[in-house]
Amino acid sequence: MDYKTGSAFLIKKEDTMKYEWMSKLRPLNTVFQAELLAIGEAYLWATKSNQHVKIRSAESRASIQSLQLTQRALLRKEQKKFY
């Protein structure tokens, strides 16, 4: 994507590329935002195609952990409304 902010993921099986997705983002988007977009798109692809996806990037794992922490915090906040 030549010096532009972008997001992408690919699906490989036995060293053969099966699917590739790419999107150009605005220059002010962060790497974190690009990672989250790619994770979201990979999730959508996996659910639509009924496939299991493994993430192979340390940066993606950090983004997922951040999402999990945010999700837990939001759940706790919602639970406090009922108790």
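Residues numbered from 1 in each chain as written. Predicted model: local features only at pLDDT ≥ 70, side-chain atom pairs only at ≥ 80, totals over all residues. Heavy atoms only, no water.

- Going by what an unreviewed UniProt entry lists, the protein is known as RNase H type-1 domain-containing protein and is assigned to Araneus ventricosus.

1. Comments concerning helix α1 (residues 31-49)
- Counted at 1.5 Å a residue, the expected span for α1 with its 19 residues is 27 Å, and the 27 Å between its end C-alpha atoms agrees.
- Taken as a whole, α1 has its buried residues at Ala 34, Glu 35, Ala 38, Ile 39, Ala 42 and Ala 46. All buried residues of α1 project into a common sector of 135° when viewed along the axis, lining one side. In α1, the exposed positions that point more than 90 degrees away from the buried face belong to Tyr 43 and Lys 48. (Helix = DSSP H or I, 4+ residues; strand = E, 2+ residues; numbered from the N terminus. Expected span 1.5 Å × (residues − 1). Buried < 20%, exposed > 50% of the residue type's maximum accessible area, 1.4 Å probe, protein only. Arc of directions from axis to C-beta.)

2. A few points about the environment of Ser 66
- Mapped onto the elements, Ser 66 comes out in helix α2 (residues 58-82).
- For the pair formed by Ser 66 and Phe 32, sequence separation is 34 residues and the distance between their alpha carbons is 9.9 Å.

3. Concerning the pairing of strand β1 (residues 6-13)
- With eight bridges connecting them, β1 and strand β2 (residues 16-24) associate as antiparallel partners. Bridging from a neighbouring strand, Lys 13 pairs with Thr 16 of β2. (Pairing = 2+ DSSP bridges.)

4. Things to note about the packing of aromatic side chains
- If you walk through the whole model with that rule in mind, you get three aromatic pairs.
- Pairwise contacts between aromatic rings join Phe 9, Tyr 19, Trp 21 and Trp 45 into one cluster. (Phe/Tyr/Trp six-rings, centres within 6.5 Å; stacked < 30°, edge-to-face > 60°.)

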